[in-house]
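Fold and geometry: a report
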Amino acid sequence: MPPPAARIPDGEQARLAALRRYAILDTPADPAFDDLTKLAAHICGTPISLVSLIDADRQWFKARVGLDVDETPRQLAFCAHAILEPGEVLVIPDAMADPRFADNPLVTSDPNIRFYAGAPLVTPDGLALGTLCVIDRTPRTLTVEQLDALRALSRQTIAQLELRRTAARADAAHRQMAATCETAPAAIVILDKTGMVVHHNRAAEHLLGKPPQTAEAQRAYWDRFALADRDGTKRRRRDIAPARALGGDTVVGQELVVSRPDGQAVPILVSAAPLTGEHGEILGAVAAFQDITRLHEVDQLRSEFVSIVSHELRTPLTSISGGLQLVLNPASCLKDGEATELLQAALANADRLIRITSDILDLAKLEAKRLELHRSLCAVAGLVETACQSVEHAPDARGRIQQVIAASLPSVFVDGERIVQALINLLANALKHTAAPATIEIAASQNGRAVTIAVRDHGPGIPPDDLVTLFRPFHQLESARRVGGSGLGLVITKGIVEAHGGAITVASRVGAGSTFSIVLPLGGSQ
């Protein structure tokens, strides 16, 4: 007949959950816990001592002295009885005389337990996980001093569990921080209090090069950087953000231009802060470097854009103002028809202002991804014809457009007005950059599950270096500046095509003209 099992304590699920949170079960031996069991056995004068943890159906020994097994069934565990009274040490002077244990196989056979004393291992929130216990093979008892020592050692066992969990949390936090640092897009460098680089992430190595490995290399590391403000003013090493952070300052957003070891000058934004100890002493510093080359390019392009748009707006406004003043001035003595011509010119300039304003609004919608598309099935030939008529019949038309449309082209599911707008931009650009009398071609054909519409001119072509920046916002080629325009047409065209899931490409050779191709996918509600 099996011995009577200890009852399940109140809050068993919470107790088991707490045990799991310590992540201690089935872990390798640990000298810190081994020493506690040795000390308990020595103080209490017993041959056996255990750190026993009560799992759902077993007791598992984290540390053991005088016993060769790692665990026993919970039903046989003396410690399962001990955890029922978390505030008391369970003492069994003679197990053979206790009806709870007299028939227990651990008493009637190896290890032949007679005496047992177990001090519960109680967590800070009052949950008993197991015991620190001492066992003898002969009946006996413990002195008051030995019991006090056993209680103290059980508290130290819990302290070790807490320390182990805290260390595990710190290690996990460190790994997470290291992973975050390593994958951060900003270049992060950590310095010790002497200024030596002790850690850097991948972005830092990419931006700043490999870190120094020796004190001599450390000095050379900082010497190889030519540090200057954005306006070119040289900076002393002690003025830059990392050095100031080692002096206790927190620096946010310092702009510098750094000459990298490969000779490339890179504008960077630097922020740095000191790393301090428990008592405020400076242990080192952390610095974040961000390449702001792209931001500088955008600033420059925006400045160019403002200049271009200001000129494009001012020119027609000046013409409108001057013409209307002449018409309205009784003393101007205009001849027959001259007033009409001035008003027609004012109207043309007003239309030009409307086009520029519309381009700016379209660009804003595209950048905010708020361009609305009203799709329907449209014949490709109809889209091309509408765009060609708009360009050929414009007041400033200066050439002829030849259409080459493949037979039996499928319809495309697009916003017809927007695609016509994109084609008009390409056709107008082609005519603008081809010497009068200009002849350009527009061709449409099917390529698999897509339709390609290509506009070819016979102008001067585009230099290879300019092809890279052709579709950048606020960018305008030198040839485009000479013929006028806001420089937004290609950017808007690209945005419209990509909003349809399509693509735009350009092929050009200096002296041989350019071909812009729009590729629109077939699909949608066809």
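Provided above is the structure to which this section pertains.
Just so you know, the residues in each chain are numbered from 1, in the order the chain's sequence is written. In keeping with the predicted nature of the model, local features appear solely for residues at pLDDT of at least 70, side-chain atom pairs appear and are counted solely at 80 or more, and the whole-chain, interface and lining totals rest on all residues. Values reported for side chains reflect all heavy atoms of the structure, with hydrogen atoms and water molecules removed beforehand.

Digging into the packing of aromatic side chains
- Stacked, tilted and edge-to-face are the three classes applied to pairs of Phe, Tyr and Trp rings, where Trp contributes its six-membered ring and a pair requires centres within 6.5 Å; stacked means planes under 30 degrees apart, edge-to-face means over 60, and tilted covers the rest. By the definition in use, this model includes two aromatic pairs.
- Note on F78 and F101: the rings are 4.1 Å apart at their centroids and 15° apart in plane angle, and the pair reads as stacked. A residue pair is termed long-range when its members are at least 10 positions apart, and F78 in the loop between strand 3 (71-73) and helix 3 (79-82) and F101 in the loop between strand 4 (90-92) and helix 4 (105-108) qualify at 23 residues.
- Burial classification: accessible surface area is computed with a 1.4 Å probe over protein chains only, and a residue below 20% of its type maximum counts as buried, one above 50% as exposed, and the rest as partly exposed. According to the relative accessible area criterion, F101 is buried, its value standing at 1%.
- Pairing F78 with Y116 gives two aromatic rings, centres 5.2 Å apart and planes at 45°, and the pair type is tilted. Of this pair, F78 sits in the loop between strand 3 and helix 3 while Y116 sits in strand 5 (residues 115-122); the two residues are 38 residues apart in sequence, bridging distant segments of the chain. As far as the burial class goes, F78 and Y116 line up, both buried.
- Among the aromatic side chains, those forming a connected cluster through ring pairs are F78, F101 and Y116. To qualify as a helix, a DSSP run of H or I must reach at least 4 residues; to qualify as a strand, a run of E must reach at least 2; elements of each kind are numbered from the N terminus.

Quick word on the nonpolar core
- In plain words, nonpolar cores are sets of buried Ala, Val, Leu, Ile, Met, Phe, Trp, Tyr and Cys residues tied together by side-chain atoms within 4.5 Å. L423, L427 and I442 are the most contacted members of the largest nonpolar core, which has 40 residues in total.
- Of all the elements in the fold, those that place two or more residues in this core are helix 11 (380-392), strand 15 (412-414), helix 12 (416-432), strand 16 (438-447), strand 17 (450-456), helix 15 (489-499) and strand 19 (513-521).
- The leading source of residues in this core is helix 12, at eight residues.
- Contact criterion: two residues are considered in contact whenever any of their non-hydrogen atoms come within 4.5 Å of each other. Each residue touching L423, except ones within four places of it in the same chain, is listed here: L383, V384, A387, I442, I453 and I518.
- In this structure, I24, A40, W60 and V89 belong to the second largest nonpolar core, which totals 28 residues.

With respect to the pairing of strand 6 (residues 128-136)
- Of all nine residues that make up strand 6, nine are buried, and the element is covered over most of its length.
- Pairing between strands is defined by DSSP: at least two bridges between them are needed. With six bridges joining them, strand 1 (residues 48-54) and strand 6 adopt antiparallel strand pairing. Bridge pairing in strand 6 places S49 opposite V134.
- Where strand 5 lies against strand 6, eight bridges are found, and the strand directions are antiparallel. Counted as the bridge partner of A117 is V134 from strand 6.
- As consecutive antiparallel partners, strand 5 and strand 6 are separated by five residues, and within that stretch G126 has a phi angle of approximately 85°, a positive value.

Some remarks on the sheet that holds strand 2 (residues 58-65)
- What the six strands build is an open sheet, ordered 3-2-1-6-5-4; its pairing is antiparallel. What marks the edges here is a single partner per strand, and that holds for strand 3 and strand 4. Sheet twist, expressed as the mean angle between neighbouring strand axes with direction ignored, is 25°.
- Pairing geometry for strand 1 and strand 2, over six bridges, is antiparallel. Residue pairing across strands places S52 opposite F61, the latter belonging to strand 2.
- Every angle, taken between N-to-C directions, lies between 0 and 180 degrees, and every axis is a line fitted to C-alpha atoms, over only the stretch in contact when it is a helix. Where helix 2 (residues 31-44) meets the sheet, it contacts strand 1, strand 2 and strand 6, and its direction lies at approximately 75° from that of strand 2.

Examining the sheet that holds strand 16
- Pairing in this open sheet of five strands is mixed, and the strands run 14-16-17-19-18 from one edge to the other. Among the strands making up the open sheet, the edge pair consists of strand 14 (399-405) and strand 18 (503-509). Between one strand and the next, the sheet's axes are offset by a mean angle of 15°, whatever the strand orientation.
- Sheet topology note: the strand 17/strand 19 ladder contains seven bridges and is antiparallel. Of the residues in strand 19, the one forming a bridge with T452 is V519.
- Packing of helix 11 onto the sheet brings it into contact with strand 14, strand 16 and strand 17, and relative to strand 14 it is tilted by some 175°.
- Relative to the sheet, helix 15 contacts strand 18 and strand 19, its axis offset from that of strand 19 by approximately 25°.

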